[in-house]
Amino acid sequence: MADLIYPKLIGARLRSQLSYRASFAMDFVTQVLAQGYELIVILILFTQINALGGFTKNEVLLMYAFAGAAFGVADLFAGQLDNLPTYIRTGSFDVLLMRPLGTLPQIMCSDIRLRRIGRITGALAVMFYALAQVPIDWSPAKVVLTIVTPMAGAVIYSAVWVVACSVCFWIVEGREFANAVTYGSNAFTSYPINVYSRPLRWLMAFIVPGAFVAYYPSLALLGKQDPLGLPGWVGWTSPLVAALAATVAGFVWRFAIRHYRGTGS
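As recorded in an unreviewed UniProt entry, the protein chain goes by the name ABC-2 type transport system permease protein, listed as coming from Lentzea waywayandensis.

Here's what the structure looks like:
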């Protein structure tokens, strides 16, 4: 029965937004432009250089597009977790606990903003362009990888969102920390990870598994060797990393819920 409630909640939320078409159109365009900000930075950067970390402009654009599409989907479904500090501080989270539904799905379904599709659309447009420009020896497996990569990346981003926001159960005003991890991951994954320093690379690429959002899948598609020396099959493991990240996020969330004591408000 609970599984039937969530689609109804999402449907009601989306219908309410589509009823204001002019507002939705403006928000949609704004999100497309917001996604294009990092694109402009990359294009300006490549007016001064020919390659970044051994990758051409179009190869970097492919990584940017994978990362942008994945982040857009994650933001659409998990971005509502940014409101978790407010839920906790005002005592509204206690209301969620009283309902016969999972707390995490309730928050994720609470405020899905359809305008965020604009961010996804902008990233997909760049992805189609980059795929047409870079040399790829296409095969059925690579077609599947191209389709699966943004979805696996969205799961990874969402898992990072859950884990980062879970800190708010102990630090009520932990939003800035959570934003630094989630939005920082998006900026990090838009570029080849070998251009970063070793400490940052290990933190944001492997502890926070941002390298598996775009970098390693792009290497697999392009048939390029990893400058960091990892074997080629690593580029095909993003779905497994996504499943592992989701499992870890689930454990962290349940641990946080078990130790939640309320704010007393």
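**Q** Please explain the pattern of salt bridges as it appears in this structure.
**A** Enumeration over the complete set of coordinates arrives at 1 salt bridge. For the salt bridge of glutamate 59 with lysine 224, the shortest nitrogen-to-oxygen distance reads 3.2 Å. Note that glutamate 59 is positioned in helix α3 (residues 57-78) and lysine 224 in the loop between α11 (215-222) and α12 (238-258), a separation of 165 residues in sequence. For glutamate 59, a relative accessible area of 8% corresponds to the buried category.

**Q** What's the story with the packing of helix α8 (residues 140-166) against α11 in this structure? I'm lost.
**A** Geometrically, a packed helix pair is captured by the angle between its two axes and the distance between the axes. Between α8 and α11, the shortest axis-to-axis distance is 10 Å and the interhelical angle comes to 160°. With respect to their mutual orientation, α8 and α11 come out roughly antiparallel. Here the hand of the crossing between α8 and α11 comes out left-handed. When α8 is examined against α11, the residues Lys142, Leu145, Thr146 and Thr149 are found in contact with a partner set consisting of Pro217, Ala220 and Leu221. When the residues that make up the contact of α8 with α11 are grouped by side-chain class, the tally is 4 nonpolar, 2 polar and 1 charged.

**Q** Just to check I follow, could you spell out the packing of aromatic side chains for this structure?
**A** Two measures describe an aromatic ring pair: the distance that separates the ring centres and the angle between the ring planes. Scanning the entire structure with this criterion turns up 14 aromatic pairs. Between tryptophan 202 and phenylalanine 206 the ring centres are 4.9 Å apart and the planes differ by 45°, which places this aromatic pair in the tilted class. Residue tryptophan 202 and its partner phenylalanine 206 are located together in helix α10 (residues 198-207), separated by 4 residues, close to a single helical turn.

**Q** When you look at a nonpolar patch on the surface in this model, what are you seeing that I'm missing?
**A** A cluster of nonpolar side chains, Trp138, Val143, Ile147 and Met151, forms an exposed patch at the surface whose accessible area comes to about 400 Å². Considering the arrangement of structural elements, one finds methionine 151 in helix α8.

**Q** In this structure, what is going on with the UniProt feature "transmembrane region" (unreviewed entry) in the protein chain? I would like to understand it.
**A** In this structure's numbering, the residues bearing the UniProt feature "transmembrane region" (unreviewed entry) are residues 24-49, 61-79, 117-136, 148-172, 202-221 and 233-256. Secondary structure over residues 117-136 splits into 85% helix and 0% strand, and the C-alpha atoms at its two ends are 28 Å apart. As annotated, residues 202-221 comprises 65% helix and 0% strand, and the C-alpha atoms at either end are separated by 23 Å.

**Q** Could you clarify how one ought to interpret the side chain of serine 158 in this entry?
**A** Assignment of secondary structure puts serine 158 in helix α8. Setting aside residues up to four positions removed in sequence, serine 158 forms contacts with Ala74 and Ala78.

**Q** Honestly, the nonpolar core in this entry has me stumped. Any pointers?
**A** Looking at soluble globular proteins, one finds that nonpolar side chains tend to be buried together. If you look at the biggest cluster of nonpolar residues, it comprises 72 residues, and the most contacted ones within it are Leu81, Leu84, Phe93 and Trp253. Of all the elements, α3 adds the most residues to this core, at 13 residues. Not counting the four nearest positions on each side in its chain, leucine 81 is found in contact with Leu104, Ile107, Trp161, Val162, Cys165 and Trp253.

**Q** What is the right way to look at α8 in this model?
**A** Along an α-helix, residues three or four positions apart point the same way, because every turn accommodates 3.6 residues. Taking 1.5 Å as the rise per residue, α8 with 27 residues should run 39 Å; its terminal C-alpha atoms sit 39 Å apart, in good agreement. Valine 148 marks where α8 bends most, by close to 35°; the proline proline 150 follows one to four residues later.

**Q** In this structure, what is going on with the confidence of the model for the protein chain? I would like to understand it.
**A** It should be kept in mind that the predicted coordinates are not to be read in detail where pLDDT is low. Confidence in the prediction of the protein chain, expressed as mean pLDDT, is 84, and 87% of residues score 70 or more. Confidence scores differ between elements of the protein chain, with helix α1 (residues 2-18) showing the lowest mean pLDDT of 62 and α11 the highest of 95.

**Q** Please explain α3 as it appears in this structure.
**A** With 22 residues, α3 ought to run about 32 Å at 1.5 Å a step, and its terminal C-alpha atoms sit 30 Å apart, in line with that. Of all 22 residues in α3, 19 are buried; the element is thus mostly enclosed.

**Q** Would you mind showing me how to read the state of the cysteines here?
**A** A covalent bond between the sulfur atoms of two cysteines is what we call a disulfide. Following the criterion strictly, the structure yields 0 disulfides and no others. Distance from the sulfur of cysteine 165, which forms no disulfide, to the nearest cysteine sulfur (cysteine 168) is 5.4 Å. Judged by relative accessible area, which is 1%, cysteine 165 ranks as buried.

**Q** Explain the packing of α3 against α11 to me, please; I cannot follow it from the model alone.
**A** Running from N to C, α3 and α11 point in directions that differ by 135°, and their axes come no closer than 9 Å. Compared by their axis directions, α3 and α11 come out oblique. The handedness of the crossing between α3 and α11 is right-handed. Facing α3, whose interface residues are Glu59, Leu62, Met63 and Phe66, α11 presents Tyr215, Ser218, Leu221 and Leu222.

Reading guide: rules and limits
Residues numbered from 1 in each chain as written. Predicted model: local features only at pLDDT ≥ 70, side-chain atom pairs only at ≥ 80, totals over all residues. Heavy atoms only, no water. Salt bridge = Lys/Arg side-chain N within 4 Å of Asp/Glu carboxyl O. Helix = DSSP H or I, 4+ residues; strand = E, 2+ residues; numbered from the N terminus. Buried < 20%, exposed > 50% of the residue type's maximum accessible area, 1.4 Å probe, protein only. Axes fitted to C-alpha atoms, helices over the stretch in contact; angles between N-to-C directions. Parallel < 35°, antiparallel > 145°, perpendicular 65-115°, else oblique. Left-handed = near helix turned anticlockwise from the far one by under 90°. Contact = heavy atoms within 4.5 Å. Nonpolar A, V, L, I, M, F, W, Y, C, P; charged D, E, K, R; others polar. Phe/Tyr/Trp six-rings, centres within 6.5 Å; stacked < 30°, edge-to-face > 60°. Patch = residues over 30% accessible without salt bridge, like charges linked within 9 Å, V, L, I, M, F, W, Y side chains within 5 Å. Areas by Shrake-Rupley, 256 points an atom, 1.4 Å probe, with all protein chains shown as cover. UniProt positions renumbered as here; feature names shortened; annotations may be inferred. Core = buried A, V, L, I, M, F, W, Y, C linked by side-chain atoms within 4.5 Å. Expected span 1.5 Å × (residues − 1). Bend = angle between axes of the 7 residues up to and from the residue. pLDDT = per-residue confidence, 0-100. Disulfide = S-S within 2.5 Å.

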